[in-house]
Structures are given as structure tokens and as C-alpha cells.
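# Structure at a glance
Residue-level listing of the chains:
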Amino acid sequence: LDGLLAYFFPSPGYEPILKTLFFAPLYYSFQPRPMWVIDADAAQVSGKTTLVKKLARLYRDPLVTTDMRYLNSPFCDFTKRLVDPIGLSSRIALIDNVTGTLSCPRLASIVTSDTIIDRPPYARASVLRENDITYIVTGNNVVMDTDLSTRSWVVRLDAPPVLGAGGCNSLGIEREILG
């Protein structure tokens, strides 16, 4: 794990929280789980989305992805995606590229509910699943409302010392871990 995490550059003091994030999909209890926010000052070079994709790859997770524009739209069917055949096999959901203030009562409700019930697209009946999903938000200098900030753990990443350079060959480490 340390070799894979060396590819990313957590801000000082955030490394233990980042390690905890990598174990979060393994843990499930009936208590509300935290939402994870991966934040950075550097826009496109810190590897926020890449980190989540690598986490999903380690767990062989299909990763359900959305963005805040979609979550805030009146036609949002995010919970339908969590109960469709692919969503049912997922334990990680990514809300990508949040900018500005993160305020979404719908997201706060989804994150803390014990179960998710909805009708998958083109299905006749509703499906119920336990809410064992690790919700991860990525963004740049994200400001959260009070409701979401009390439900979230934040990991801050720094930009790599050299633009676009990682600390190690993450693909080689993935192959070693995944076999």
C-alpha cells in the first residue's frame, strides 16, 4: 500500500487519512459511513480522480461515477444507477470535479441512509440494497455546507514536485498487488 500511495502526494498530516480511505470499502456497519472528499489546490495535476480509479481497480469495482451538475438536476437518477446490475456490484461511488461550494441535500441523504431503494432503468420492480458504498468526492478547494462537512473526511493532495511526475510506477505496483 505504501508503494501505491507514494504515487500520490498527500499534504502534510493527511497520509493516515489517505490510508484509511484505501481500507474504507472493506468496512461496513449499520452506522452511517463518512463521505470522503479528495481536495487539492492544483487543478489537474494532483491525481484526485486517478486515485479513486486506482482504488476501484484494486477492489475490482465497476465504480459508479457522476458529477454535481447531474446530482443537482431535477432529472437525477443517481440512486437508479446504484441499484442497476452494475451499481449493485459496486462499493465505490465517485462524485467528480466539484468546484465551489458543495451543498446537496440529496447527496447528504443518500450518504447517510442505511438502504437504497429505487427502480433500476427499464425494470418493473424496485430493488433494495444495503448502503455499503464508499462515496468519494473530488474537487479543487472545495467548500462544504455544514450538513456535508459533518459527514465527511477530507484528504488533501499536493501537486507532484515535477508537473505530471509520480513518485513510482503505480501500474507495476497494481500488478504486484492484483497478481
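All values reported here derive from a predicted model rather than from experimental measurement.

Let's shift gears to the overall build of the protein chain. Broken down by element type, the protein chain carries nine helices and seven strands. By residue count, 43% of the 179 residues in the protein chain fall in the buried class. Look at the contacts in the protein chain between residues 6 or more apart in sequence, and 79% of them connect residues 24 or more apart. Carbon and sulfur atoms provide 55% of the accessible area of the protein chain, an area that totals close to 9,300 Å².

Our next topic: the environment of Ile17. Mapped onto the secondary structure, Ile17 falls in helix H2 (residues 15-23). Residues Ile17 and Val154, spaced 137 residues apart in sequence, show a C-alpha to C-alpha distance of 7.8 Å. Setting aside anything within four residues of it in sequence, one finds Ile17 in contact with Trp36, Trp153, Val154 and Val155.

Here helix H3 (residues 48-58) lies mainly inside the structure; eight of its 11 residues are buried. Along H3, the residues classified as buried are Lys48, Thr49, Leu51, Val52, Lys54, Leu55, Ala56 and Leu58. Two residues or fewer after H3 comes Arg60, characterised by a positive phi angle close to 50°.

This paragraph deals with the environment of Asn72. Mapped onto the fold, Asn72 is located in the loop between helix H4 (68-71) and helix H5 (78-83). Distance from Asn72 to Leu107, taken between C-alpha atoms, is 8.9 Å for residues 35 residues apart in sequence. Other than its neighbours up to four places away in sequence, Asn72 contacts Ser103 and Cys104.

Before going further, it helps to spend a moment on the side chain of Asp61. Secondary-structure assignment places Asp61 in the loop between H3 and strand E2 (64-67). Arg91 provides the closest opposite charge to the buried, unpaired Asp61, separated from it by 6.3 Å. Side chain to side chain, Asp61 and Ser90 meet in a polar contact 2.8 Å long. Leaving out residues up to four positions away in the same chain, Asp61 has contacts with Ala56, Ser89, Ser90, Arg91 and Ile92.

On to H2. Taken together, the buried positions of H2 are occupied by Leu18, Leu21 and Phe22. The arc enclosing the buried residues of H2, seen along the axis, measures out at 100°, which places them on a common side. Summarising the contacts, the buried residues of H2 are in contact with helix H1 (2-5), strand E1 (35-40), H3, strand E6 (134-144) and strand E7 (152-157).

On to the sheet that holds E2. Within a sheet, each strand pairs with its neighbour through backbone hydrogen bonds, oriented either parallel or antiparallel. Here we have five strands laid out as an open sheet, ordered E2-E3-E6-E1-E7, and parallel in their pairing. Edge positions in the sheet fall to E2 and E7, since each of these pairs with one other strand and no more. Neighbouring strand axes in the sheet, compared pairwise and without regard to direction, differ in orientation by 25° on average. In this structure, strand E3 (residues 92-102) lies alongside E6, joined through eight bridges in parallel fashion. Note on E6: the bridge partner recorded for Ile92 is Thr134. Contacts from H2 reach E1, E6 and E7, with the element oriented near 120° to E7.

Residues Met35, Phe78, Leu82, Leu102, Leu107 and Tyr135 are the most contacted members of the largest nonpolar core, which totals 24 residues. When residues of this core are traced back to their parent elements, those giving at least two are E1, H4, H5, E3, helix H7 (105-112) and E6. In this structure Phe78 touches Val64, Thr66, Tyr70, Leu71, Ala93, Ile110 and Tyr135, once residues within four positions along its chain are discounted. Residues Leu5, Ile38, Leu63 and Ile136 belong to the second largest nonpolar core, which totals 21 residues.

What counts and how
- Residues numbered from 1 in each chain as written.
- Predicted model: local features only at pLDDT ≥ 70, side-chain atom pairs only at ≥ 80, totals over all residues.
- Heavy atoms only, no water.
- Helix = DSSP H or I, 4+ residues; strand = E, 2+ residues; numbered from the N terminus.
- Buried < 20%, exposed > 50% of the residue type's maximum accessible area, 1.4 Å probe, protein only.
- Contact = heavy atoms within 4.5 Å.
- Areas by Shrake-Rupley, 256 points an atom, 1.4 Å probe, with all protein chains shown as cover.
- Lys, Arg positive; Asp, Glu negative; His and termini not counted.
- Salt bridge = Lys/Arg side-chain N within 4 Å of Asp/Glu carboxyl O.
- Polar contact = N/O pair within 3.5 Å; in protein donor to acceptor, adjacent residues only side chain to side chain.
- Arc of directions from axis to C-beta.
- Pairing = 2+ DSSP bridges.
- Axes fitted to C-alpha atoms, helices over the stretch in contact; angles between N-to-C directions.
- Core = buried A, V, L, I, M, F, W, Y, C linked by side-chain atoms within 4.5 Å.

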